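A look at the structure
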Amino acid sequence: MKIIVTDSYDEMSKAAAEIFEKEIRQDSKIVLGLATGSTPIGTYEELVRKYKEEKLDFSGVTTFNLDEYVGLDVKDPNSYRFFMEEHLFNHVNTNNENTHVPDGMTVNPDEYGEKYDKMIEAAGGIRIQLLGIGSNGHIAFNEPDEELPVGTGLVNLTIQTIEDNARFFKSKEQVPTQAISMGMGSIMKAKKIVILASGEGKAEIIKKLLERGKVSTRIPATFLLLHPDVTLVCDRKAYSLVGR
Ligand code: F6R
């Protein structure tokens, strides 16, 4: 795993945006895998700035997001489709038809998940995937468990994730308990992966990820150790426990 440690959140965001910029400039019809959450907001801000000030063109880009809460429709401010519009799609020239976020209102999430994976394949596969990491080691919403899903489908959120994400909702009770998430296999098929981590709250999990030298379904992010092209971009705070 390649590791880039930056002094601040802003620098982490700039470093990640630069990696994406390079890929988009190399292939104007690129397929991107995208994430939500607090961590990538600065990366999206920087990509929007590059679109506005440096002519970074998103018109041919196709995107697939990692996940969506079950039961939230696209107009719900806590839905991940809403998040993506607010932080990226409304501010760059992506073509709406080419931006995909799983449908949280689908009646059959597992069937829908299979279709989602086929759509990714039909688009040529994900060239570069952006990830955050949960404080419990989840990637997308693949939560620590005895087994991990390979394909995209319905997942149950752990209490820790519900508590971590309650900050976006009025109360913990309002956080959906299920999501549609890209599976581990779907993520691992991406040619290149960039995983972001920022702040002290991620220091423990980054230490575990980098120091154990083992994969465990109890720390889903450790599967990234098996992927040939992963870059961890994190700030000093997230890296602060490594080696200690
Ligand atoms: C978001 C996602 C999640 C987040 C993770 C970290 O699409 O799949 O795995 O990346 O929960 O979230 P933040 O960045 O809010 O700490």
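Structural notes, computed from the coordinates. No experiment lies behind these values; they were computed from the predicted model shown.

Let us now look at the packing of aromatic side chains. Here the structure, examined in full by the defined rule, presents 7 aromatic pairs. Arranged with centres 5.8 Å apart and planes meeting at 40°, the rings of Tyr69 and Phe141 form a pair that is tilted. Pair noted here: Tyr69 is in strand 4 (residues 67-69) and Phe141 is in the loop between strand 6 (128-131) and strand 7 (153-156), with a separation of 72 residues, a long-range link. For the pair shown, Tyr69 and Phe141 are each scored as buried.

The residue Glu11 is located in helix 1 (residues 9-26) in this model. Between the C-alpha atom of Glu11 and that of Asp235, which follows or precedes it by 224 residues, the distance is 7.8 Å.

Near the ligand you find 14 residues, and of these Thr39, Asp67, His138, Ala140 and Lys202 are the closest. At 2.6 Å, a side-chain N or O of Lys202 approaches an oxygen atom of the ligand. Considered on its own, the ligand offers 410 Å² of accessible surface; in the complex 94% of this is hidden by protein. Of the residues assigned to the shell around the ligand, the class counts are 4 nonpolar, 7 polar and 3 charged.

Moving on to the sheet that holds strand 4. Strand pairs in the sheet, formed through backbone hydrogen bonds, run parallel or antiparallel to each other. Pairing is antiparallel in the open sheet, where 3 strands are placed in the order 4-8-7. Of all strands in the sheet, those with a lone pairing partner are strand 4 and strand 7, marking the two edges. Across the sheet, the mean angle from the axis of one strand to that of its neighbour is 30°, orientation sign disregarded. Pairing geometry for strand 4 and strand 8 (residues 178-181), over 3 bridges, is antiparallel. In the strand pairing of strand 8, Tyr69 is matched with Ala179. Where helix 4 (residues 109-122) meets the sheet, its contacts fall on strand 7 and strand 8, and the angle it forms with strand 7 comes to roughly 125°.

For Lys208, the location among the structural elements is in helix 7 (residues 203-211). For the pair formed by Lys208 and Gly137, sequence separation is 71 residues and the distance between their alpha carbons is 8.8 Å.

Trans is the prevailing form of peptide bonds, just as negative phi is the prevailing case for residues other than glycine. The backbone phi angle of Lys55 is positive, close to 55°, even though this residue is not glycine. Phi at Ala140 is positive, roughly 50°, even though this residue is not glycine. Considering the arrangement of structural elements, one finds Ala140 in the loop between strand 6 and strand 7. For Ala140, a relative accessible area of 7% translates into the label buried.

The relative placement of two packed helices is expressed as an angle between their axes plus a distance between the axes. Helix 2 (residues 41-54) packs onto helix 1 with a crossing angle of 55° between their chain directions and a minimal axis gap of 8 Å. When the interaxial angle is binned, helix 1 and helix 2 end up oblique. Relative to helix 2, the crossing made by helix 1 is right-handed. The segment helix 1 lies against helix 2, with Tyr9, Ser13, Lys14, Ala16, Ala17, Glu18, Phe20, Glu21 and Arg25 engaging Ile41, Gly42, Thr43, Glu46, Leu47, Lys50 and Glu54.

The biggest cluster of nonpolar side chains holds 38 residues, and the ones touching the most others in it are Leu32, Tyr44, Leu47, Tyr69, Met84, Leu88 and Val194. Within the residue set of this core, elements represented by two or more residues are helix 1, strand 2 (31-34), helix 2, helix 3 (80-87), strand 6 and strand 9 (192-197). The residues contacting Leu88, other than those within four sequence positions of it, are Leu34, Tyr44, Leu47 and Val48. Membership of the second largest hydrophobic core comes to 29 residues, among which are Val31, Ala35, Leu148 and Ala190.

Quick look at the environment of Lys172 now. Of note, Lys172 is situated in the loop between helix 5 (159-165) and strand 8. A relative accessible area of 39% means that Lys172 is categorised as partly exposed. Taking the C-alpha atoms as reference points, Lys172 and Met84, 88 residues apart in sequence, are found 22 Å from one another. Engagement of the side chain of Lys172 in a polar contact is seen with the side chain of Glu163, the distance being 3.5 Å.

About the thresholds
Once a new chain begins, its residue numbering starts again from 1 and follows that chain's sequence as written. Since the coordinates come from a predicted model, pLDDT governs what is reported: local features require at least 70, and pairs of side-chain atoms require 80 or more to be given and counted, while whole-chain, interface and lining totals use all residues. For the side-chain quantities, the full set of heavy atoms in the structure was used; hydrogens and water were omitted. Only rings of Phe, Tyr and Trp enter the pairing, Trp through its six-membered ring, and a pair is recorded when the two centres are within 6.5 Å. The plane angle decides the type: under 30 degrees is stacked, over 60 is edge-to-face, the rest tilted. Each helix is a run of DSSP H or I of at least 4 residues and each strand a run of E of at least 2, with the numbering of both proceeding from the N terminus. For each residue, the accessible area found with a 1.4 Å probe, counting protein chains only, is set against the maximum for its type, and the residue is called buried under 20%, exposed over 50%, and partly exposed in between. The rule for a residue being near a molecule or strand is that one of its heavy atoms must lie within 4 Å of it. Residues adjacent in sequence count toward polar contacts only when both atoms are side-chain atoms; beyond that, a polar contact is any pair of N or O atoms within 3.5 Å, and within protein one must be able to donate a hydrogen and the other to accept it. Only the protein chains shown count as cover for residues, with accessible areas throughout obtained via the Shrake-Rupley method and a probe of 1.4 Å. Any residue outside Ala, Val, Leu, Ile, Met, Phe, Trp, Tyr, Cys, Pro, Asp, Glu, Lys and Arg is labelled polar, Gly included; the first ten of those are nonpolar and the last four are charged. Any two strands with at least two DSSP-identified bridges between them are counted as paired. For every element, the axis is a line fit to its C-alpha atoms; helices are fit only across the contacting stretch, and the angle between N-to-C directions ranges from 0 to 180 degrees. Residues are treated as being in contact if the distance between any of their heavy atoms lies within 4.5 Å. Relative orientations are named as follows: roughly parallel for angles under 35 degrees, roughly antiparallel for angles over 145 degrees, roughly perpendicular for angles from 65 to 115 degrees, and oblique for any other angle. Note on convention: near helix rotated counterclockwise from far helix by under a right angle means a left-handed crossing. Clockwise means right-handed. The nonpolar core is taken to be a set of buried Ala, Val, Leu, Ile, Met, Phe, Trp, Tyr and Cys residues, with the residues joined through side-chain atoms within 4.5 Å.

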